[in-house]
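# Examining the three-dimensional arrangement
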Amino acid sequence: MSTASVIARPGAVLADLIPASRVRDAALVLGGAALTGLAAQIAVPVPGSPVPVTGQTFAALLVGTALGARRGVLSLALYAVAGVVGVPWFAEGGSGSGAVSFGYVLGMILASAAVGALARRGADRSPLRMAGTMLLGEAIIYAVGVPYLALAAHMSLTQAIAAGLTPFLIGDALKAALAMGALPTAWKFAAKR
């Protein structure tokens, strides 16, 4: 199938521009997990919070959007399982499920499903829709991560919001802005080929 026919086909995501095969899908899933693990190593501690600012959530949302829901979920599930069994690729080289920030990892799996499903409906082809898609994905990550943080760190929900949500809002807006430009631009570039 040509690039032009994939671009014109409803329900396509960026990964569908690569000729279909099981090898392609396996490579995309492994690559998505690896990208998320590498991005998690970009970590900046946040004073007063046990959760650092990382590139992990941005990578996870891009993986879900670019690969679609099924491959995105498989990538993030692989990332989570590998980290739980000891691969040191969670934020700041961590691993295991005991970290207070592990809820964010679980939220990333759900968020990748949501953003991948929206990408299949064309949400990754315009800047405004892409911004909304990223913000929805971030909201899903927080909806799982913040309550998990409260339970794991023995905080009240108010304390968990102050430590695990509020300090990250500006960075999330910047991530959404980056995605607003990156994915629609990738589609425009592919259309010119």
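In every chain, residue numbers begin from 1 and rise along the written sequence. Only residues with pLDDT of at least 70 are given local features in this predicted model, and only at 80 or more are side-chain atom pairs given and counted; all residues enter the totals for whole chains, interfaces and linings. Processing note: side-chain calculations cover all non-hydrogen atoms of the structure and skip hydrogens and water entirely.

## Observations concerning the packing of helix α3 (residues 56-67) against helix α8 (residues 169-192)
Heads up, the condition is: Each axis is a line fitted through C-alpha atoms, taken for helices only over the stretch in contact, and angles between the N-to-C directions span 0 to 180 degrees. Secondary structure elements follow DSSP: runs of H or I of four or more residues count as helices, runs of E of two or more count as strands, with numbering from the N terminus. Crossing handedness is defined as follows: a turn of the near helix away from the far one that is anticlockwise and smaller than a right angle gives a left-handed crossing, while the clockwise case is right-handed. Whether two residues touch is decided by their heavy atoms; if any such pair falls within 4.5 Å, the residues are in contact. As a working rule, the residues Ala, Val, Leu, Ile, Met, Phe, Trp, Tyr, Cys and Pro are called nonpolar, Asp, Glu, Lys and Arg charged, and the rest polar, with Gly in that last group.
Relative to each other, α3 and α8 sit at 30°, their axes nearing to 11 Å. You can see that α3 and α8 cross each other, and the crossing is right-handed. Across the interface between the two elements, Thr57, Phe58, Leu62 and Thr65 from α3 touch Lys175, Leu178, Ala179 and Leu183 from α8. Classifying every residue of the contact of α3 with α8 gives 5 nonpolar, 2 polar and 1 charged.

## Topic: a nonpolar patch on the surface
This is how it is decided: Here a patch means residues that are over 30% exposed by relative accessible area and free of salt bridges, tied together within 9 Å if like-charged and within 5 Å if nonpolar (Val, Leu, Ile, Met, Phe, Trp, Tyr). Areas reported here follow the Shrake-Rupley algorithm with a probe of radius 1.4 Å; residue values treat only the protein chains shown as occluding. A pairing counts as a salt bridge when a side-chain nitrogen of Lys or Arg comes within 4 Å of a carboxyl oxygen of Asp or Glu.
On the surface, a cluster of nonpolar side chains totalling about 270 Å² of accessible area is made up of Val81, Val84 and Val85. Assignment of secondary structure puts Val85 in the loop between α4 (69-84) and α5 (102-120).

## What about the environment of Val44?
As a reminder of what qualifies: Throughout, exposure labels follow a simple rule: accessible area from a 1.4 Å probe, protein chains only, divided by the maximum for the residue type, with under 20% read as buried, over 50% as exposed, and the rest as partly exposed.
Residue position: Val44 is located in strand β1 (residues 43-44). Residue classification places Val44 among the partly exposed positions, given a relative accessible area of 48%. Here the alpha-carbon distance between Val44 and Glu92, two residues 48 residues apart in the chain, equals 8.7 Å. Setting aside its immediate chain neighbours within four residues, Val44 contacts Pro52 and Val53.

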